[in-house]
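Results of the structural survey
These are the residues of each chain, in order.
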Amino acid sequence: MAGRVEGKVAFITGAARGQGRSHAVRLAEEGADIIAIDVCKRISSNEDIPAPTPDDLAETADLVKNLNRRVVTAEVDVRDYAAVKAAVDSGVEQLGRLDVIVANAGIGNGGQTLDHTSEADWNDMIDINLSGVWKSVKAAVPHLISDGRGGSIILTSSVGGLKAYPHTGHYIAAKHGVVGLMRTFAVELGHHSIRVNSVHPTNVNTPLFMNEGTMKLFRPDLENPGPDDMAVVAQMMHVLPIGWVEPVDISNAVLFLASDESRYVTGLPMTVDGGSMLK
């Protein structure tokens, strides 16, 4: 079935690459126009992970345009509410409406137990992965309310938003908090016919996961572990025989939640996890 979000406009954070880019392309494939934002620079606590760039965001825009859909982009840090609001307002002015919010922007790092996590790392994680999600919805949802057509809000959490893992406690806390945001927004916005759900990926094949730091976190026994070394341990997390999923696997869940196929689905933490939650 084609055109599952035909005529809709989606606002996506963290859209320069990875899951955010994949969400933009997948929704555009099914007929949506896109407002895409990304910080496009390094976050201090994510120094070991290559930063998204303005060229990455431009490439996302080109991919959407090549699907004959409209796209508006902006380089914005989700910690900056005023900047997020300005980007959304400008995008809606140019594209004429807003129907879908995908609060996807986030960072990931780890290695320390909570009692040894630095205050700087804690603050960056909570400010981006939790407060940034709240600010993104807060900035964009007035358009859904004022238009009176309802809409769909999708928040990116993680399997780490539903259970704990060691050495990533600040990430676990933030992603658990996203579930609280999702459920509260769902209760508060339901009378506007606005649905709010969260997606909970396992490991995803993006730069946020496929990097030297993560590989060493999974295989501290090896000096220079690679993807194959990490896969041996990562497969143990899942019921299905996989170490990770692809971005499009999450995008397909986002598409379902953005479309009218899920018109009565709200307050749902949707896992795309290879059975990780069963272990």
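In the nomenclature of an unreviewed UniProt entry, the protein corresponds to 3-ketoacyl-ACP reductase from the organism Mycolicibacterium aromaticivorans JS19b1 = JCM 16368. Annotation of the protein in UniProt includes, under Sequence similarities (unreviewed entry), the sentence "Belongs to the short-chain dehydrogenases/reductases (SDR) family."

**A word on the overall build of the protein**
Within the protein, the regular secondary structure consists of eight helices and seven strands. The C-alpha atoms of the protein give a radius of gyration of 18 Å, which matches the 19 Å a tight globule of 279 residues would have. Based on the C-alpha atoms only, the size of the protein along its principal axes is roughly 55 × 35 × 35 Å. The proportion of buried residues among the 279 residues of the protein is 54%. Put simply, of all contacts in the protein between residues at least 6 apart along the chain, 73% involve residues at least 24 apart. Put simply, the protein shows about 12100 Å² of open surface, and 52% of that area lies on carbon and sulfur atoms. Side-chain charges of the protein comprise 24 positive and 34 negative groups, with the mean position of each set lying 6 Å from the other.

**Digging into unusual backbone geometry**
At cysteine 40, a position not held by glycine, the phi torsion is positive, near 55°. Considering the arrangement of structural elements, one finds cysteine 40 in the loop between strand S2 (33-38) and helix H2 (54-65). A residue is classified by how much of its surface remains accessible, and cysteine 40, at 7% relative accessible area, is buried.

**Structural notes on the pattern of salt bridges**
All told, the structure shown has 16 salt bridges when counted by the stated rule. Across the pair aspartate 77 and arginine 79 runs a salt bridge, and its minimum N-O distance is 2.8 Å. By relative accessible area, aspartate 77 is classed as buried at 18%. In this structure arginine 79 comes out as partly exposed when scored by relative accessible area, which is 26%. With a closest N to O distance of 2.7 Å, arginine 97 and aspartate 99 form a salt bridge.

**So, the environment of threonine 113**
You can see threonine 113 is positioned in the loop between strand S4 (100-103) and helix H4 (119-147). The partly exposed category is assigned to threonine 113, whose relative accessible area is 31%. Sequence-wise, threonine 113 and proline 166 are 53 residues apart; in three dimensions their C-alpha atoms are separated by 6.7 Å.

**Description of the environment of serine 22**
Counting through the fold element by element, serine 22 comes out in helix H1 (residues 18-29). The sequence separation of serine 22 and glutamate 246 amounts to 224 residues, and the corresponding C-alpha distance is 9.5 Å. Contacts of serine 22, omitting those with residues within four sequence positions, involve Pro247, Val248 and Ser251.

**Looking at the packing of H1 against H2**
Two elements in contact, H1 and H2, have axes whose closest approach is 9 Å; the angle formed by their N-to-C orientations is 15°. By the angle between their axes, H1 is roughly parallel relative to H2. Crossing handedness for the pair H1 and H2: right-handed. Side by side, H1 and H2 meet where Arg21, Ala24, Val25 and Ala28 of the first sit next to Asp56, Glu59, Thr60, Leu63 and Val64 of the second. Here the contact of H1 with H2 is built from residues that sort into five nonpolar, one polar and three charged.

**Notes on the sheet that holds strand S3 (residues 71-75)**
Judged by pairing direction, the sheet is parallel, and its seven strands sit side by side in the order S3-S2-S1-S4-S5-S6-S7 without closing on themselves. Pairing within the sheet leaves two strands with one partner each, and these edge strands are S3 and strand S7 (269-272). Ignoring which end each strand starts from, the neighbouring axes of this sheet average 15° apart. Here S4 runs beside strand S5 (residues 151-156); their pairing, made up of four bridges, is parallel. For isoleucine 101, the partnering residue across the bridge sits in S5 and is isoleucine 153. Contacts between helix H8 (residues 247-258) and the sheet are confined to S4, S5, strand S6 (194-201) and S7, with S6 contributing the most and set at about 165° to the helix.

**Let's talk about the pairing of strand S1 (residues 9-13)**
Counting buried positions over the five residues of S1 gives five, a clear majority of the element. Bridging between S1 and S2 involves five bridges; their strand directions are parallel. Paired with valine 9 across the two strands is aspartate 33, which belongs to S2. On the question of chirality, the crossover connecting S1 to the parallel S2 by way of H1 is right-handed.

Calculation rules
Residues numbered from 1 in each chain as written. Predicted model: local features only at pLDDT ≥ 70, side-chain atom pairs only at ≥ 80, totals over all residues. Heavy atoms only, no water. UniProt positions renumbered as here; feature names shortened; annotations may be inferred. Helix = DSSP H or I, 4+ residues; strand = E, 2+ residues; numbered from the N terminus. Rg over C-alpha atoms; globule rule 2.2 N^0.38 Å. Buried < 20%, exposed > 50% of the residue type's maximum accessible area, 1.4 Å probe, protein only. Contact = heavy atoms within 4.5 Å. Areas by Shrake-Rupley, 256 points an atom, 1.4 Å probe, with all protein chains shown as cover. Lys, Arg positive; Asp, Glu negative; His and termini not counted. Charge placed at Lys NZ, Arg CZ, Asp CG, Glu CD. Salt bridge = Lys/Arg side-chain N within 4 Å of Asp/Glu carboxyl O. Axes fitted to C-alpha atoms, helices over the stretch in contact; angles between N-to-C directions. Parallel < 35°, antiparallel > 145°, perpendicular 65-115°, else oblique. Left-handed = near helix turned anticlockwise from the far one by under 90°. Nonpolar A, V, L, I, M, F, W, Y, C, P; charged D, E, K, R; others polar. Pairing = 2+ DSSP bridges. Right-handed = clockwise from strand over helix to strand, strands pointing away.

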